[in-house]
Amino acid sequence: MLAQTLMLRFGEDGEELEELVEVAADNPILPVTSELFWGAITFAALFLLVKYVLLPPVQKTMQERADLLRADLDAADAAREKAGSVATEVSDQLADVRAESAQIIDAARAEAEAERARIVGAVEVEVAAAKAEAEAEISAARQRAMAGVGPAVADLAADAASRVMNRPIEAGAARPVVDRLLNSPN
Amino acid sequence: MELEFPSIDNLVKWPAYFGDGTFYAFNKIALISVLAVLIPTVLFKMAKKDMVPRGVQNIVEGTVEFVEKQVVLSAIGPEGLKYTPLLLSIFLFVFFGNIFEVIPTFQMPANARMANPVILAIVAWVSFIGIGIKAQGLGGFLKSSLFPPGVPTALMPLVSIIEFISTFLLRPFGLAVRLFANMLAGHILLVTFAVLCITLFQPSILAAILPFSFAMLVGLVGFEIMVSLIQAFVFSLLTAVYIKLSLHAH
Amino acid sequence: MSILASTAAQAVELAQELNPEEAKANAAASGAGMAYGLAAIGPGIGIGYLVGQAVQAMARQPESAGQVQTTMFLGIAFTEALALIGFVVFILLKFA
């Protein structure tokens, strides 16, 4: 039927065209003039409204939001970069401080070591001097004691020997022997 | 029990509210077309201009963004952004023409009548031809659309005829018929199950089928809402694709 | 094809019994049913295949799902047009 009506439409006979109008009114597929009219008017109205009145403010708002977002993102990026540089700076400083403190500690330790060595050395010297003095004193005292003890021991030994041998022993003769005995390391 | 299916004239033809018989006869279809202009206008005007969108502003900006991203950018690319108003108004007009299919007291998709699809198809046809002529010049546009490169000379006349038919006749015909037939089929489908429900609603053993019929009807309403959206999307997407094909010699 | 032939034969048979108007309506109705039924076969298979391939593509490359989806809708729109033309023929035969 569509083919027929289309054929009718392209026919030249006026009566057939009138017939077409009647067919079109009955056919559920062909458009109706009044609906075409209203459809055209309303769509034209919608298009003009959307193009000149409705869409621009919405697009402007969306564009503003996009710009705002981009600006915020840029600011965030900049802040992040800045934070990064500050962090590296801080860590650099920290490393510097750490190196410096290590240096100071090393120096202090070396100084303390030197001081200790010096003090220990001085004390050792002092101690050695005191020790030597004491040893000298001891040996002097020993000498003195030996010197004091020697004649008495010689006399005693000579006396004892004379008593044992029943003959008098000259104290002067016993003396060198006693001294030798006393001085020899036993 | 007899199933009385209403005649198709009862399903898609509506009496005029005024101006019966004249070229400005105002019936339900015309009313839906007017609402398809008024509702977007009111929604866009209600939308505030906050940096943090809420409520209506979300809906409006979501729609605009959907058309920009899914239709304009995906079919044409950044150079097509200047056609956003056209594609957005096509999208809105088709969608509101469709969605009245499931709105109570209307229950009629405006696009189940051939008038609005034809108007929109003509708009799309004029747009892609006009944009093509503007972008490539009349000769360049005809050459690129009728004489595709890489075709043997012997076949060129045949290919040209086929290209002419497919580009200048089948494209608008396909656009209009796709939208019209989808909505009419959906409308008839809903009517069928509604009529079935009404017929089954009586004291009879067959009333046992009623719940299934009703569940089907409810499911189909959801399906038709989806179809409304998809058809609006497809119509604007196809228009965008045709514009894209007109913009450059291919 | 034999179904077609037998339906046509039935229509002819009916035509002999009924008056011409009714016979025409009957033939148109049976033709309408067949027109839509036959028109739905090809696009049905085509859309099924198309969506299946699209799902496969999206599963393989989820990052390009948006592009695949848009192209899928375009393909469905073109394939579906055939079935819809069948539906229009149905309406024409049945009601016009």
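Scroll up a little and you will see the structure.
None of these values were measured; they are calculated from a predicted model.

Scoring rules and cut-offs
- Residues numbered from 1 in each chain as written.
- Chains lettered and ligands numbered in written order.
- Predicted model: local features only at pLDDT ≥ 70, side-chain atom pairs only at ≥ 80, totals over all residues.
- Heavy atoms only, no water.
- Helix = DSSP H or I, 4+ residues; strand = E, 2+ residues; numbered from the N terminus.
- Buried < 20%, exposed > 50% of the residue type's maximum accessible area, 1.4 Å probe, protein only.
- Contact = heavy atoms within 4.5 Å.
- Areas by Shrake-Rupley, 256 points an atom, 1.4 Å probe, with all protein chains shown as cover.
- Patch = residues over 30% accessible without salt bridge, like charges linked within 9 Å, V, L, I, M, F, W, Y side chains within 5 Å.
- Salt bridge = Lys/Arg side-chain N within 4 Å of Asp/Glu carboxyl O.
- Lys, Arg positive; Asp, Glu negative; His and termini not counted.
- Charge placed at Lys NZ, Arg CZ, Asp CG, Glu CD.
- Buried area = accessible area lost by both parts, 1.4 Å probe.
- Polar contact = N/O pair within 3.5 Å; in protein donor to acceptor, adjacent residues only side chain to side chain.
- Nonpolar A, V, L, I, M, F, W, Y, C, P; charged D, E, K, R; others polar.
- Phe/Tyr/Trp six-rings, centres within 6.5 Å; stacked < 30°, edge-to-face > 60°.
- Lys NZ or Arg CZ within 6 Å of the ring centre and 35° of its normal.
- Axes fitted to C-alpha atoms, helices over the stretch in contact; angles between N-to-C directions.
- Parallel < 35°, antiparallel > 145°, perpendicular 65-115°, else oblique.
- Left-handed = near helix turned anticlockwise from the far one by under 90°.
- Expected span 1.5 Å × (residues − 1).

1. Some details on the overall build of chain A
Here is step 1 of the chain: When helices and strands are counted, chain A shows 4 helices and 0 strands.
Here is step 2 of the chain: Along the chain direction, N to C, the helices and strands of chain A fall in the order α-α-α-α.
Here is step 3 of the chain: Looking at chain A as a whole, 15% of its 186 residues qualify as buried.
Here is step 4 of the chain: Residue pairs in contact within chain A that sit at least 24 positions apart in sequence constitute 37% of those at least 6 positions apart.
Here is step 5 of the chain: Total accessible area computed for chain A in this model is approximately 13800 Å², and 61% of it derives from carbon and sulfur atoms.

2. A look at a nonpolar patch on the surface
Here is step 1 of the chain: Together, Ile161, Phe164, Ile165, Leu169, Leu170 and Phe173 of chain B together with Ile85, Val89 and Leu93 of chain C make up a nonpolar patch on the protein surface, roughly 740 Å² of accessible area in all.
Here is step 2 of the chain: Elements with a contribution of two residues or more to the nonpolar patch: helix H6 (156-200) of chain B together with helix H3 (65-95) of chain C.
Here is step 3 of the chain: The residue Leu93 of chain C is located in helix H3 in this model.
Here is step 4 of the chain: With relative accessibility at 34%, the residue Leu93 of chain C sits in the partly exposed group.

3. Describing the environment of Ala136 of chain A
Residue and element names in this part refer to chain A.
Here is step 1 of the chain: On the secondary structure map, Ala136 appears in helix H3 (residues 33-165).
Here is step 2 of the chain: Residue classification places Ala136 among the partly exposed positions, given a relative accessible area of 42%.
Here is step 3 of the chain: Remark: the alpha-carbon pair of Ala136 and Phe37, spanning 99 residues in sequence, is separated by 142 Å.

4. So, a negative patch on the surface
Here is step 1 of the chain: Judged by side-chain charge, Glu89, Asp92, Asp96 and Glu100 of chain A come together as a negatively charged surface patch.
Here is step 2 of the chain: Locating Asp92 of chain A in the fold gives a position in helix H3.

5. Quick word on the interface of chain A and chain B
Here is step 1 of the chain: Taken together, the contact pairs 35 residues of chain A with 48 residues of chain B.
Here is step 2 of the chain: Summed over both partners, the interface of chain A with chain B comes to about 3400 Å²; 74% of that surface belongs to carbon and sulfur atoms.
Here is step 3 of the chain: The tally of links from chain A across to chain B stands at 2 salt bridges.
Here is step 4 of the chain: The salt bridge partner of Glu35 of chain A is Arg113 of chain B, with a shortest N-O separation of 3.3 Å.
Here is step 5 of the chain: Inspection of the chain A/chain B interface yields 8 residue pairs in polar contact (both at pLDDT 80 or more).
Here is step 6 of the chain: Those elements that provide at least two residues to the side of chain A that touches chain B are helix H2 (14-26) and H3 of chain A.
Here is step 7 of the chain: No other element matches H3 of chain A, which puts 27 residues into the side of chain A that touches chain B.
Here is step 8 of the chain: Residue classes in the side of chain A that touches chain B are distributed as 23 nonpolar, 7 polar and 5 charged.

6. Quick look at the packing of aromatic side chains
Here is step 1 of the chain: The full count for this structure, using the stated rule, is 18 aromatic pairs over all chains.
Here is step 2 of the chain: Plain terms: the ring middles of Phe37 of chain A and Phe23 of chain B are 5.0 Å apart, the flat faces sit at 85° to each other, and that makes the pair edge-to-face. Residue Phe37 of chain A is found in helix H3, and its partner Phe23 of chain B is found in the loop between helix H1 (8-12) and helix H2 (28-46); the two belong to separate chains.
Here is step 3 of the chain: Centroid distance Phe128 of chain B to Tyr242 of chain B: 5.6 Å. Interplanar angle 55°. Geometry classified as tilted. Taken together, the residues span a long stretch of sequence, with Phe128 of chain B in helix H5 (residues 115-146) and Tyr242 of chain B in helix H7 (residues 210-247) at a distance of 114 residues.
Here is step 4 of the chain: Note on Phe128 of chain B: relative accessible area 1%, which makes it buried.
Here is step 5 of the chain: Above the face of the Trp14 of chain B ring, Lys28 of chain B is positioned so that its terminal group lies 3.7 Å from the ring centre.
Here is step 6 of the chain: For Arg171 of chain B, the ring lying beneath its charged end belongs to Phe128 of chain B, and the centroid distance is 5.0 Å.

7. Let's talk about the side chain of Glu101 of chain B
Residue and element names in this part refer to chain B.
Here is step 1 of the chain: Note on placement: Glu101 falls in the loop between helix H4 (84-99) and H5.
Here is step 2 of the chain: With no salt bridge to any partner, buried Glu101 finds its closest opposite charge in Lys28, at an N-O distance of 13 Å.
Here is step 3 of the chain: Excluding its chain neighbours within four sequence positions, the residues that come into contact with Glu101 are Gln107, Met108, Pro109, Met183, Gly186, His187, Leu190, Glu224 and Ser228.

8. Some details on the packing of H5 of chain B against H7 of chain B
All names here are of chain B.
Here is step 1 of the chain: Packing of H5 against H7 leaves a shortest axis separation of 8 Å and a crossing angle of 15°. Judged on the interaxial angle alone, H7 and H5 are roughly parallel. The crossing of H5 and H7 is right-handed. For the pair H5 and H7, contact is made by Pro117, Leu120, Ala121, Ala124, Phe128, Ile131, Gly132, Ala135, Gln136 and Phe141 and by Phe235, Thr239, Tyr242, Ile243, Leu245, Ser246 and Leu247, respectively.
Here is step 2 of the chain: Considering only residue class, the contact of H5 with H7 consists of 13 nonpolar, 4 polar and no charged.

9. Some remarks on H4 of chain B
Here is step 1 of the chain: With 16 residues, H4 of chain B ought to run about 22 Å at 1.5 Å a step, and its terminal C-alpha atoms sit 22 Å apart, in line with that.
Here is step 2 of the chain: Of all 16 residues that make up H4 of chain B, 16 are buried, and the element is covered over most of its length.

10. With respect to the packing of H4 of chain B against H5 of chain B
All names here are of chain B.
Here is step 1 of the chain: Between H4 and H5, whose axes approach to 11 Å, the crossing angle comes to 170°. What the angle tells us is that H4 and H5 run roughly antiparallel. Crossing handedness for the pair H4 and H5: left-handed. Contacts from Leu86, Ile90, Phe93 and Val94 of H4 reach H5 at Asn116, Leu120, Val123 and Ser127.
Here is step 2 of the chain: Taken together, the residues that form the contact of H4 with H5 break down as 6 nonpolar, 2 polar and no charged.

11. Points about the side chain of Thr70 of chain C
Here is step 1 of the chain: For Thr70 of chain C, the position within the fold is in helix H3.
Here is step 2 of the chain: The exposure class assigned to Thr70 of chain C is buried, which follows from its relative accessible area of 6%.
Here is step 3 of the chain: The contacts of Thr70 of chain C, once residues within four sequence positions are left out, are Gln70, Ser74 and Leu237 of chain B.

12. Quick notes on the pattern of salt bridges
Residues and elements named next belong to chain A.
Here is step 1 of the chain: A complete count under the given rule lists 11 salt bridges over all chains for this structure.
Here is step 2 of the chain: Note that Arg80 is salt-bridged to Asp77, the shortest N-O span being 3.1 Å. Of this pair, Arg80 and Asp77 both sit in helix H3, 3 residues apart, which is roughly one turn of that helix.

13. A look at unusual backbone geometry
Residues and elements named next belong to chain B.
Here is step 1 of the chain: Phi angles above zero are rare outside glycine, and Thr105 is one such case at about 75°.
Here is step 2 of the chain: Relative to the helices and strands, Thr105 is located in the loop between H4 and H5.
Here is step 3 of the chain: Looking at Thr105, the relative accessible area reads 68%, which means it is exposed.
Here is step 4 of the chain: Unlike most non-glycine residues, Gln107 shows phi in positive territory, near 50°.
Here is step 5 of the chain: By secondary structure assignment, the location of Gln107 is in the loop between H4 and H5.
Here is step 6 of the chain: Residue class for Gln107 comes out partly exposed when judged on its relative accessible area of 41%.

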